[in-house]
Every structure is written in C-alpha cells, then in structure tokens.
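Each chain, letter by letter, is given below.
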Amino acid sequence: MSKKPSDTELTPESFTGMTLTKPKHTAAGLPAVFSAVRHIMDEMDPLRATKVMFELNQMGGVDCPGCAWPDPKDHRSKLGEYCENGAKAIAEEATTKKLEPEFFAKNSVEELAAQSDFWIGKRGRIAQPMILDEGATHYRPIHWQDAFETIAKELNALPSPDHAVFYTSGRTSNEAAFLYQLFVRMYGTNNLPDCSNMCHESSGVALSETVGIGKGSVTLEDFYESEVVLVIGQNPGTNHPRMLNALKRANKNGAKIITINPLPETGLIRFKDPQSVGDVLGEGTALTDLFLQVRLNGDVPLMKAILKLLWDKEKSEPQSVFDKDFIESKTEGFTAFIDDLESKDLNELCEASGIAILQIEEAVNILASSKKIIACWAMGLTQHKNGVGNIQEVVNLLLAKGSIGKPGAGTCPVRGHSNVQGDRTMGIWEKPKDSFLDALESSFNFKAPRHHGLDVVDSIKKMHEQQGMVFFAMGGNFLSATPDTSYTAEALRNCILTVQVSTKLNRSHLVTGRRAIILPSLGRSDVDMQASGKQFVSVENSMGVVHSSQGRLKPISTHLLSEPAIVAGLAKATLKDKGNVEWHQVAENYDIIRNMIQATIPGFENYNERVRDPQGFVLPNGARNADFSSIGGKAKFTVNEIPDNKLKQGEFHMTTVRTHDQFNTTIYGLNDRYRGIFNERRVILMNEEDMKDQTLEKGDVVDLWNEHNGIKRCAPRFLVVPYSVLQKCTVTYFPETNVLVPIDSVADKSNTPTSKLVKITIKKVIV
Ligand SMILES: Nc1nc2c(c(=O)[nH]1)N[C@H]1C(S)=C(S)[C@@H](COP(=O)(O)OP(=O)(O)OC[C@H]3O[C@@H](n4cnc5c(=O)[nH]c(N)nc54)[C@H](O)[C@@H]3O)O[C@H]1N2
Ligand SMILES: Nc1nc2c(c(=O)[nH]1)N[C@H]1C(S)=C(S)[C@@H](COP(=O)(O)OP(=O)(O)OC[C@H]3O[C@@H](n4cnc5c(=O)[nH]c(N)nc54)[C@H](O)[C@@H]3O)O[C@H]1N2
Ligand code: SF4
Ligand SMILES: [Mo]
C-alpha cells in the first residue's frame, strides 16, 4: 500500500526560493537583536511592544511562552531578560492582527488549507468562537454558551467516556491544567494524552525507573559549579537560547563542555551574549571544548565506549575514576552493568557510534578526573526506539561517577514547552497513580476512572479504528505535531466532533471531524480579568521552580475567554450536578483553584502564599538530595541493548529538527540562519559523499519515501543541501516530514514516536 498525503494535510509542496550561505560560527550577538526587534515590530505598535517586552521574564511579570528554561535567581537584566526566540514567541502571541468572522466567511476551509503553515499562522489571533457545521465549507461564529452546550451534548451522547480524547499542549498554566484534568476525570476517562508523549516521555520513564523521579535533578546554580557539562542531542542556540548564558558562566568558572550531536550546531560552538557589550563587539565565547559528531542513534554505543574506557582506567588505578562509596551505598546493579561493558568490543562500539577512538579518549580524559558532571539532553535522545535506553545509559555514567544528588552535578532533561513539566505535575497524564486519584476522589467527592487512558499514539490508533469519537485539544496542533500525518488526518476525520482551544489558526482547524469548533483563549501576555479582579497563573520551569505569570496586554478581542474559564464553562454544561465543584466560582478567582491544588498534590503547601514570592518556590526532588527512597532507596544501573541501525542498500537514516525560525508547528519565518539555509523549509541536509553516490547535486529536487510494515509513505519535493553530517545520516525539518514517521514506530516503554530516526530512500525528481 502506498500513501501520499492529501492536499489539506500538509503545507503546500511549492518552493519558496532557497538561498544558502556557510553555516554561522557564532550564535546570538547583534543579528539576534535585529531579528527579535523586527519580529516584534511586524506584529504590534511600539507602545504595546515596549510594555510586554519589559515585563518578559521579570519577577512577577509575563513568563516567556517559549521554552521552559528557568530564569536566573540573582541577576535579571532590566533591559530585557529574554532571547531572540522568546521575542519571536511573544510577537506571535501578542500580535494585534486578528481573525474576525469576515475572514472565515471569505476563506473556505479548503482555501485556507491550500496555504502554507507560515501564511496561516501569520494571519493573527482568532477573535471569537467558530463552528464548522456538518457538510459546511466555511466556519461561522457561535456564541460561547452554544459552543459549550454543543460539545456537552456530543460528550454525553457517547457510548462511553473513553470514546473521547482530551489532548493538552504544554503552554497551559497549572491552574487551567488542574481544572481540565479534574473535569475530564469527573466526566469519566483518563484519556489525557499530551505533547509530553512526543517529547520527554522517554526521559520521564528512564529517570523514574533509575533515580525515582521523572524530572531533572539540577538547578541553574548547579551549572555554575559543575566541572563538566554534557550537551547531548540538543540544540540550545535555537531552542533554549538562554541556556547559552548558563553554559558561558559554567565555562568561565572552569567547566568543560562536551557536545554530542550529529550536527555542529552553531550556538554550541561560539556564543555572543547580546546583553554583554564586550561580547557583542568582540569575538564572543567559544563554548564547546569537545564536539563528538555522533552517527544518528549512535549514542548508546558511544556512551558504552566512554564507560568501558573509564572502567579500564578505574581497574588500573582503583578509586581514581569511579565513586566507589556512592556506588556501594546508593546504587544497585553495578555488577551486571560492568559485566555487560566487559563483554563489548571497543572497536565495534566506536564504529557504531561513528566516532574515532582518539576523540572518545579525549572525552574520557575530561570525565575521568571530574567529580561534578551535569548531563543535559533533549529530543536527540528521547525520540528514538531506544529513547529510554539512551537516557539510562547517560544515567549509568552519572551514577558511576557519583554525579547526582550533590551540588554541581546531576540530570538535566531540558524541557520544551514553557509549562509542559507543570502540566504533568497537575495530573495531565494518561497513567495517573492511584495515590493521585485517591486524593482527587477525597477532595472532590466523585469516583475517578481507574483504568489507564490513551497516550498520543494510542489515541490516534483508537480514533482511526473507532468511528464517531470526540477529540478535544487544550492548545497545540495535533495533526501537524503527531507522526504519520495522513493516518492521523484519517483518525481526526473519523471523529464526530473535533474541538480546539487555540490562540492561533493552524492545520488542526482545517482537517477536522464531522463538525469542528474553535474556542479562542487568552494567551500568557493578555490581561486576565475575572469577577474577583485581575488574575495571574503559575507555571513550573524545567528545574522544578513554580512561579507566577501575569498578563499585561489588552486582549485583542472581548470574545476571548481564559483557559480556566473555558474548562469551567464546559464542565458546567457537561457534568451538570456531578461532583462538588462550583465551576463558575473557581474560574472567577484562581486562588480557589490553587487551594484545590494544594489539597490534592504534594509539594504545594501554602501555594497561594508561596507563589506570590517573586522568586517562586521549588518543588521537592529526591534525586537532587541523593534520596532514592521512592524506588527502594537505591538508584539503578541498567544494561541497555545496542540498537540495530543496519540499513539496506539505498536506504538512509533521517532525523527531523527545528529551524531557528519556528516554535514547533508555528512557523515564525522561512530562515534557518545558523545553518545558513534561507527562505526554504523543504530541504534535506546530506553528506556530500552520499550525494555523489546518488548522483545528486546541490538544489536537486527529490521525493522522500519510507516503507514500514508494508506501507509506503511519501514526502514529495525536497531540495538537496550538502551539509556537515556523517554518511547515511540525513536531516529534514519538522513538521514537513512527519508524514514519513510511521505510527507504529515508537520508543520502547515510552511510546514516543521515533521522530529522530526514520529509514528513508531518496528519489531524484526530474524537473
Ligand atoms: N525557538 C524554539 N524553541 C523551542 C522549540 C521550537 O520549536 N523553537 N520547541 C520547544 C520544544 S517543545 C522542545 S521539546 C525543545 C526541543 O529542543 P531540541 O531537542 O534541541 O530540538 P530539535 O530541533 O528537535 O533538536 C534536537 C537536536 O538533536 C540532534 N539529534 C538528532 N538526532 C540525534 C541523535 O540520534 N543523537 C544525538 N545525540 N543528537 C541527535 C539534532 O541535530 C538537534 O541538534 O525546544 C523547545 N524550544
Ligand atoms: N517529526 C517531529 N515531530 C515532532 C517533534 C519533532 O522533533 N519531530 N517534536 C514533538 C514535540 S517535542 C512536541 S512538544 C510536539 C508539539 O506539539 P504541540 O504542542 O501540539 O504543537 P505546537 O506547535 O506547539 O502548538 C501550537 C499551537 O498551539 C496553540 N497555542 C499557542 N499558545 C497557546 C495558548 O496559550 N493557549 C492555547 N489554548 N493554545 C495555544 C496555537 O493555536 C498554535 O497554533 O510536537 C512533536 N512532534
Ligand atoms: S530561553 Fe526560552 S524561556 Fe528564555 S527567553 Fe528564550 S525562549 Fe523564552
Ligand atoms: Mo517538546
């Protein structure tokens, strides 16, 4: 069987006029400042711009809606505590452009779908609730109450609550997320998939099993006293730009930085802090001390090679390399771990990793003498079949070195969305613990569903197989963010109703169930005025700090509701008198929601008081103090298989990454400045030798094919770009190639789609 996406599912295949330059050597600096200013000025007037930008990431101000990197405790620049991509994120949300009913009356769903994601996103904020009736070609306005009742009616008519799916993206505040999961569980299902299922789920599983908590253990301050920072499978220059400030400070304090990545990512090589005059005018800081250009999915063999060489050193000079006391008192499984290392052949490990032994020895020399190591990682490790194994192999290194549970050392999975970690803490999870459900039941007087719900991949499969489900999304862009776009589109089209709570228009509004509703919500930067006065919300950053965020801008329309108000309205319409929650009251004063959270979730004692501290407060974290009591008192060494990465003749591996000009499926612009690729997203980055073998030249047009379990998938028309990447490894941009990621190609244990390793063949198109 062969699948080609239909016209509505993907951004159009036309090219936009590519130009190429050499990849940049230095990240940030003045070009970043210019780019930030241009994006903001394109979207709003100077007054509005000044108002929001001075509040961004200030204590008590607006939390950046970009990534989840924490704010420094001590020094925050008054001029602006944000990065280029934070500015773009805010510009995208705080824009004064808006979509009135006339826009939807003029443009049919089909016409909108023929436009690119970039064009669609740039139209502005959705200004009122809209509905697409069965068989209709255009969205029309609908009143809020009618929308709630329409959705409630469909939900209550389903044969079982498990026929509804409630997705969450990671921008939703703690308050909205808590209310949302409470509503969903009172309605009767644990079908609460979230973007985490596609993101750091592998980290959560790997860390829970080995160190007893699914979150990272380090704080920002740990960076400043570390001796080594590993940055693995992560591109902070683009996706967590202020992390470069932390790396720079670590570096200045003497830490060595080792980068493990198939691409030489610009920000990691050299960085100019735009806030430092000396940096901007001068050379900037060289960040990476050692760059290991790993093969795609070569991380397990690489870590094993490093560990094996460290073990050899330890054997020849006992207790000079490994932390024997820590291993004996705090861990288990060391013997099996060592037996496995002993059984491996070093040359085979090096070969599988793609890295020469001399370079691996350099890493080993740095690590051998260090006692305080921080390991940072992101999607380059998590989105693989062996994503959990990748991370557990990194944990093995930290455990062997005693580098967890002490200052300057530990785990640092760098989160994506600004509150993705908080959403999980609030109970957005398809696999809730019994203790959590017990607490909900006793506080809110209802019987919670106990069987586990569906995650992202299983939701898609269920909606594909079962006609007539209801799909509800709290933010995000489910169609474009998930794997196997055509298959997911079929799944959504099978639904009786699809509902999206959104700020901006995206493709998930255009590929719909029999009926579709868009509920427009306030964003982070908007003033949230409720009956009891102006509200603030709270979020948890990547390092477990909970703090407040207060919107400052006048909303672009009077028809927007806050996310808590939307949940409350829907819950009231759907649940009628079930349970003891006064839905309207809680949405009028978020202090009440925070009291509900405090009563249910450990670590939120005196929530309302502590969240008003401008610094916020820190959630408990056992691993941070080497307390592994949640898994029986000992951290676990693991033995992880080496993945089988064999390719057939003519096959390549493909990974999917973000450009410097996007936030996930939101396309800010068409440039990938650091990689030197301008005005084009439909590109495939290839090794030059591979290009020669395939008789391909720069700019040639190719179709990309995947074949998995007998199904062929095609992503048509990409331009070939020669790039510094190892042979047989290729790189494309997310989401254009999601159509190639098979729905049933997922990570063991975490069920995360394998977006960082897809087997493809490349066919030249004669134009
Ligand atoms: N500006 C901006 N900021 C963002 C986002 C955004 O889209 N734009 N997205 C947010 C979200 S939700 C997330 S999850 C994060 C994502 O942050 P990242 O994980 O940094 O994002 P990706 O672009 O997916 O990049 C993954 C990196 O892994 C590398 N890589 C690919 N395959 C492998 C492999 O097999 N092994 C190793 N070692 N490395 C590999 C790639 O070369 C790339 O450098 O960023 C967040 N922040
Ligand atoms: N191939 C491939 N696929 C991937 C990835 C990859 O690396 N490669 N990465 C995966 C990862 S890490 C993630 S996190 C997912 C992302 O998946 P999602 O979180 O589903 O996608 P986003 O593009 O972040 O969602 C953008 C939309 O969210 C809405 N939005 C923005 N702000 C708000 C808000 O404040 N409130 C509400 N209600 N809506 C808002 C807007 O309408 C916008 O269009 O994608 C995954 N998919
Ligand atoms: S690093 Fe992330 S949170 Fe900080 S300003 Fe940049 S995008 Fe926003
Ligand atoms: Mo993510």
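Just so it is clear, the model here is predicted, and its values are computed rather than measured. (Residues numbered from 1 in each chain as written. Chains lettered and ligands numbered in written order. Predicted model: local features only at pLDDT ≥ 70, side-chain atom pairs only at ≥ 80, totals over all residues. Heavy atoms only, no water.)

## Describing the overall build of the chain
Just so we agree on the cut-off: Each helix is a run of DSSP H or I of at least 4 residues and each strand a run of E of at least 2, with the numbering of both proceeding from the N terminus. We compute the radius of gyration over the C-alpha atoms and compare it with the globule rule, which gives 2.2 Å times the number of residues raised to the power 0.38. In this description, contact between two residues means that some pair of their heavy atoms is separated by no more than 4.5 Å. Accessible surface is estimated by sampling points in the Shrake-Rupley manner with a 1.4 Å probe; for residues, cover comes only from the protein chains shown. Asp and Glu are treated as the negative residues and Lys and Arg as the positive ones, with His and the ends of the chain left uncounted. Every charge is mapped to an atom, namely NZ of Lys, CZ of Arg, CG of Asp or CD of Glu.
In terms of regular secondary structure, the chain is built from 31 helices and 34 strands. In terms of overall size, the chain behaves like a compact globule, its C-alpha atoms giving a radius of gyration of 25 Å where 767 residues would be expected to give roughly 27 Å. Taken along its principal axes, the extent of the C-alpha atoms in the chain is 75 × 65 × 55 Å. Of the contacts made within the chain by residues no fewer than 6 positions apart, 79% connect residues no fewer than 24 positions apart. Total accessible area on the chain is roughly 27300 Å²; 52% of this is exposed by carbon and sulfur atoms. Averaging the locations of the 86 positively and 94 negatively charged side chains of the chain gives two centres separated by 2 Å.

## A closer look at helix α9 (residues 201-211)
Residue pairs three or four apart in sequence face the same way in an α-helix, which turns once every 3.6 residues. Rules: Between buried and exposed lies partly exposed: a residue is buried under 20% and exposed over 50% of the maximum accessible area for its type, with that area taken using a 1.4 Å probe on protein chains only.
Judged by how many residues are buried, α9 sits mostly within the fold: nine of eleven residues are covered. Turning to α9, its buried residues number three or more, namely E201, S202, S203, G204, V205, A206, L207, T210 and V211. In this structure, the buried residues of α9 make contact with β15 (373-377), α20 (379-382), α21 (387-400), β16 (410-413), α22 (420-425) and β25 (635-636). Downstream of α9 by a residue or two, G212 has a phi angle that is positive, lying close to 85°.

## Focus: the environment of M686
Of note, M686 is situated in strand β30 (residues 683-686). Taking the C-alpha atoms as reference points, M686 and T137, 549 residues apart in sequence, are found 41 Å from one another. In this structure M686 touches F652, M691, L696, V720, V721, P722, Y723, V725, T730 and I762, once residues within four positions along its chain are discounted.

## Comments concerning the pattern of salt bridges
Let me state the cut-off plainly: When a carboxyl oxygen of Asp or Glu lies within 4 Å of a side-chain nitrogen of Lys or Arg, that pair is called a salt bridge.
One pass over the structure, following the stated rule, counts 43 salt bridges. Here D340 ties to K344 by a salt bridge, and the two come within 2.9 Å at their closest N and O atoms. A salt bridge links R675 to D672, with the nearest nitrogen and oxygen atoms 2.8 Å apart. Each member of the pair, R675 as well as D672, is classed as buried.

## Some remarks on empty space enclosed by the protein
Put simply, the rule is: Think of a 1 Å grid over just the protein atoms. A cavity is a set of points where a 1.4 Å probe fits yet cannot get out, a pocket is an open set with protein on both sides within 12 Å along at least five of seven lines, and lining residues have an atom within 4 Å of a point. Grid points are joined across faces, edges and corners, and a volume is the space filled by probe spheres set on the points. Nonpolar residues are Ala, Val, Leu, Ile, Met, Phe, Trp, Tyr, Cys and Pro. Charged residues are Asp, Glu, Lys and Arg, and all others, Gly as well, are polar.
Applying the stated criterion across every chain, the model contains two cavities of 30 Å³ or more. Considering only enclosed or pocket space, the second largest cavity measures out at about 60 Å³ in volume. In this structure, the second largest cavity is lined by E9, L10, T11, D117, S480, T485, R507, P735, E736 and N738. For the lining of the second largest cavity, a count of residues per class yields two nonpolar, four polar and four charged.

## Points about the state of the cysteines
Working definition: the covalent bond between the sulfur atoms of two cysteines is a disulfide. Note the cut-off: Working definition: a disulfide is two cysteine sulfur atoms within 2.5 Å of each other.
Counted according to the given criterion, the structure contains zero disulfides. C729 forms no disulfide, and the closest cysteine sulfur to it belongs to C350, at a distance of 16 Å.

## Quick notes on the sheet that holds strand β17 (residues 470-474)
Keep this limit in mind: Any two strands are treated as partners once DSSP identifies two or more bridges connecting them. Whenever a helix is involved, its axis is fitted only over the stretch in contact; in every case the axis is a line through C-alpha atoms, and angles between N-to-C directions fall within 0 to 180 degrees.
Pairing within the open sheet is mixed, and its six strands lie in the order β7-β6-β19-β18-β17-β8. Across the chains shown, the open sheet's two edge strands, defined by having one partner strand only, are β7 (140-141) and β8 (164-168). Where strand β6 (residues 130-132) meets β7, two bridges bridge the pair, whose relative direction is antiparallel. Bridge assignment links M130 to a residue of β7, and that residue is P141. Strands in contact with helix α7 (residues 144-157) are β8, β17, β18 (497-502) and β19 (515-520); relative to β19, the strand with the most contacts, it is inclined by about 135°.

## Thoughts on the environment of Q293
Formally: For this analysis, a polar contact is any N or O atom pair within 3.5 Å, provided that within protein one partner can donate a hydrogen and the other can accept it, and provided that sequence-adjacent residues contribute only side-chain to side-chain pairs.
Mapped onto the secondary structure, Q293 falls in the loop between β13 (290-292) and α15 (299-316). Overall, Q293 belongs to the buried group, its relative accessible area being 17%. Separated by 88 residues in sequence, Q293 and L381 have C-alpha atoms that sit 14 Å apart. Not counting residues up to four positions away in its chain, the partners in contact with Q293 are N261, P262, L263, P264, G354, I355, S724, V725 and L726. Within the local environment of Q293, its side chain forms a polar contact with the backbone oxygen of P262, the two atoms lying 2.7 Å apart. A distance of 3.0 Å separates a polar atom in the side chain of Q293 from the backbone oxygen of S724.

So yeah, pure geometry; function would need other evidence.
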